[in-house]
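Structural characterization, general
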Amino acid sequence: MLPMPGILIGIVLLSLTTSSQASVITVGQDGCDFYRLDAAVDSASPGDVIEVHSGDYFVNLNITTPFLILRGKDTGGGRPVLAAGSSTANIEESGTGTTEMVVKSGGTAIAIREYGCTVEGFDITGATWPVPYGSGEHNDLIGDAAIRVYSDLNTIANNTFYGNDLTAIGLWNCSSNKILNNTINDIPYGYAINLYNSHSNSIEENLLVHNDWGIEMQRSDSNIVQGNEIRDSINDAITAMKCNYSIISDNILVGSGQESQFEGNGNGVYLVGSMGLIADNVITSNKGHGIYIQSIFWDNYPADESYDNIIDRNKIRSNGKDGIRLEKSWMNYLWNNNITANHGDGIRFIFSHNNTLESNNISKNEQGIFLDQSNYTKIANSTIAEGEKSGIHLWLSKEASIESNSLHGNAIGIILEESSSRNTLAANNITNSTEGINISGLSTENTVRSNKISLCQIGIALARAGGNVLRANEVFGNQRGILVDLNSRGNAIYGNNVTSNVDSVFDEGSNSWDDGTIGNYYDQGDCKDANGDGICDSPYPISGGSNVDRFPLAGWKA
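Residues numbered from 1 in each chain as written. Predicted model: local features only at pLDDT ≥ 70, side-chain atom pairs only at ≥ 80, totals over all residues. Heavy atoms only, no water.

1. Regarding the overall build of the protein chain
Assigned secondary structure in the protein chain consists of two helices and 61 strands. Within the protein chain, the fraction of its 558 residues that count as buried is 53%. When contacts within the protein chain are restricted to residue pairs at least 6 apart in sequence, those whose partners lie at least 24 apart make up 45%. Here the protein chain has roughly 22,800 Å² of accessible surface; of this, 49% comes from carbon and sulfur atoms. (Helix = DSSP H or I, 4+ residues; strand = E, 2+ residues; numbered from the N terminus. Buried < 20%, exposed > 50% of the residue type's maximum accessible area, 1.4 Å probe, protein only. Contact = heavy atoms within 4.5 Å. Areas by Shrake-Rupley, 256 points an atom, 1.4 Å probe, with all protein chains shown as cover.)

Here it is in structure tokens:
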């Protein structure tokens, strides 16, 4: 067996030889070399061009010649139509000893079994379950399809698929094929394009409308899915299962799942056990999630893991569930996405750890970002606005870093609840919310520092929260600056600016309002600083209970 370099050299030499000897073979009714397409294919040599003129052709072609070009030509009657089925009736002997006409219909129109071939410029129809049943390609997961590819380096381009019941284009155990500029419509029981164990293929600039499934890839790595428009898929637009290093970019994915019978379907992009790049897509008005990434576990052991995906610069709008949803997935990077007006959350993580969200623009979702039992998350430099419930919500999540975000017009800016612990909220700008920051539900050991919170009913609220640190925050222009309930204890609150609020602070619990050297700045009119050390000479009593700030600040310097 030749080593791989020898095989590639052999392919190049063969292609050079065949191109110099190639012939043009014509197929049609008048003045052509053949009137039957299968006869023309059987007679062809490597590198030949078979030019098929206008007309209807019934075909179950087996292409076993490398570098064959099958090209449709409109000679005045429209593009040639290839319909899956036998081109002639077959005479078969019956069990009684007589003969009868048996017409084969359906099945696969074209099976490409050799490398380097091209199929372009046709209308392709009639791919359905073959009659007699069992006479087609029912030997693998894809089954019959309008075009089946079993080989490498082929091109399927500029074809229109309609009137097919089954998959339009199926790739099986092959690589380095190109599927370009095809139109595929109305497939009720299969995929517009399906790949199984097929790698390094390009699927680009295709229009796929109202098919059962848009594009599905299984166990197929390093494929490019780019510049396609996929509309009104009955189930998902793009699905990848156990696929790595995929590039899914610059696609328009609209309206999936509106007719689906399955509750979980209707996603724009669905990845299971996969990793890759999802970038620059427009994903809108799908019934399910815009992007859904999931790992599968069996008995708490990972079976199909999704991790290390990059989700960048996508526009995700008006989907029926979450804009982006990750379940049991980790080390993903979500950058520069615009996520607006989805009926679920903008971004939702469930049991998903060590993920990074940066520079996203998220607005008008139920919750901007929701971390559900998801740890070690970084959320930074994002704009989050008009969340119906909250801008950022942590539920039983720990050690998140939430820094330098702008949150405005959310019901609650940031909420930590259900024992969320050891999270850091720093340098965020929060405005126009009922509550700027809410820490509750036995959430502990969180650090809230250097945030600016204004124009809220309550700047910071603590409820059943203990052991948290609030320091160096600017809480100003709110109805109430800081509110602490009776069940909150052991919190440290110091170095904050709580001026220009209608009510500065209120604390019914037992908490520290200084760190032993500095307290907070209240801008009280009776503050005297005789020695000029920046500390008021008299302590400041905290409304609501017996707490006292022993070292109130005489001034504030940001």
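2. Quick look at the pairing of strand 27 (residues 269–272)
In strand 27, alternate side chains face the same way, and those of Val-269 and Leu-271 on one face and Tyr-270 and Val-272 on the other are all buried. Both strand 24 (residues 238–241) and strand 27 contribute to a ladder of four bridges, which runs parallel. Across the sheet, Ala-240 pairs through a bridge with Leu-271, a residue of strand 27. (Pairing = 2+ DSSP bridges.)

3. So, the nonpolar core
One broad trend across soluble globular proteins is that nonpolar side chains are buried collectively. With 98 residues, the main nonpolar core has Leu-37, Ile-50, Leu-70, Ile-110 and Ile-193 as its most contacted residues. For Leu-70, the residues in contact, after removing those within four places along its chain, are Leu-37, Val-41, Ile-50, Val-52, Leu-61, Ile-63, Ile-110, Thr-118, Val-119, Glu-120 and Phe-122. (Core = buried A, V, L, I, M, F, W, Y, C linked by side-chain atoms within 4.5 Å.)

4. Quick word on the pairing of strand 41 (residues 367–372)
Summarising burial for strand 41: six of the six residues are buried, a large majority. Note: strand 38 (residues 347–350) against strand 41, four bridges, orientation parallel. Residue pairing for strand 41: Ile-347 is matched across the bridge by Ile-369. As judged from the five bridges shared by strand 41 and strand 44 (residues 390–395), these two strands associate in the parallel manner. Bridging across to strand 44, Asp-372 finds its partner in Trp-395.

5. Quick look at the environment of Ile-453
Within the secondary structure, Ile-453 sits in strand 52 (residues 452–454). Overall, Ile-453 belongs to the buried group, its relative accessible area being 0%. When the C-alpha atoms of Ile-453 and Val-498 are compared, they prove to be 9.7 Å apart, with 45 residues separating the residues in sequence. Those residues in contact with Ile-453 that sit more than four places away from it in its chain are Ile-430, Gly-436, Ile-437, Gly-459, Ile-460, Glu-474, Val-475, Phe-476 and Asn-478.

6. Regarding the side chain of Asn-520
Secondary-structure assignment places Asn-520 in the loop between strand 59 (510–512) and strand 60 (540–541). Side chain to side chain, Asn-520 and Asn-496 meet in a polar contact 2.9 Å long. Those residues in contact with Asn-520, other than ones at most four positions away along the chain, are Ile-493, Tyr-494, Gly-495, Asn-496, Trp-513, Asp-549, Phe-551, Pro-552 and Leu-553. (Polar contact = N/O pair within 3.5 Å; in protein donor to acceptor, adjacent residues only side chain to side chain.)

7. Topic: the confidence of the model for the protein chain
Per-chain confidence: the protein chain averages 92 in pLDDT, with 89% of residues scoring 70 or above. Here residues 87–94 is a poorly scored stretch, pLDDT under 50, and it has 20 contacts once near neighbours within four places are set aside; other chains count. The low-confidence segment residues 98–103, where pLDDT is below 50, has 18 contacts with residues more than four positions distant or belonging to other chains. (pLDDT = per-residue confidence, 0-100.)

8. So, the pattern of salt bridges
Overall, the coordinates contain 18 salt bridges when judged by the stated rule. Close ionic contact of Asp-280 with Arg-313 constitutes a salt bridge, the shortest N to O distance being 2.6 Å. Of this pair, Asp-280 sits in the loop between strand 28 (275–279) and strand 29 (282–284) while Arg-313 is found in the loop between strand 33 (310–312) and strand 34 (315–317), placing the two residues 33 residues apart along the sequence. Judged by its relative accessible area of 26%, Asp-280 falls in the partly exposed class. With a shortest N-O distance of 2.9 Å, Arg-325 and Asp-322 are connected by a salt bridge. The exposure classification of Arg-325 matches that of Asp-322, with both residues buried. Through salt bridges with shared partners, one network takes in Asp-280, Asp-312 and Arg-313. (Salt bridge = Lys/Arg side-chain N within 4 Å of Asp/Glu carboxyl O.)

9. Things to note about the packing of aromatic side chains
The geometry of an aromatic ring pair comes down to the distance between the two centres and the angle between the two planes. Per the stated rule, a full pass over the model turns up seven aromatic pairs. An angle of 20° between the planes, with centres 4.8 Å apart, marks the rings of Trp-172 and Tyr-196 as stacked. In this pair, Trp-172 sits in strand 15 (residues 169–172) while Tyr-196 sits in strand 18 (residues 191–196), placing the two residues 24 residues apart along the sequence. Classification of Trp-172 by relative accessible area gives buried; the value is 17%. Here Arg-113 stacks its cationic end above the ring of Tyr-150, 4.4 Å away from the centre of that ring. (Phe/Tyr/Trp six-rings, centres within 6.5 Å; stacked < 30°, edge-to-face > 60°. Lys NZ or Arg CZ within 6 Å of the ring centre and 35° of its normal.)

10. A few points about the environment of Trp-395
Tracing the sequence through the fold places Trp-395 in strand 44. Spatially, the C-alpha atoms of Trp-395 and Leu-371 are 6.1 Å apart, while their sequence positions differ by 24 residues. Apart from the residues lying within four places of it in its own chain, the contact partners of Trp-395 are Phe-370, Leu-371, Asp-372, Gln-373, Glu-417, Glu-418 and Ser-420.

11. Details of unusual backbone geometry
Phi at Ser-200 is positive, roughly 60°, even though this residue is not glycine. Turning to its location among the elements, Ser-200 is positioned in the loop between strand 18 and strand 19 (202–204). Assessed through its relative accessible area of 39%, Ser-200 is described here as partly exposed.

12. Digging into the side chain of Thr-377
As for its position among the elements, Thr-377 is in the loop between strand 41 and strand 42 (378–380). Under the relative-accessibility criterion, Thr-377 is labelled buried at 1%. Apart from the residues within four sequence positions on either side, Thr-377 is in contact with Phe-349, Ser-352, Asn-355, Leu-357, Leu-371, Glu-399, Ala-400 and Ser-401.

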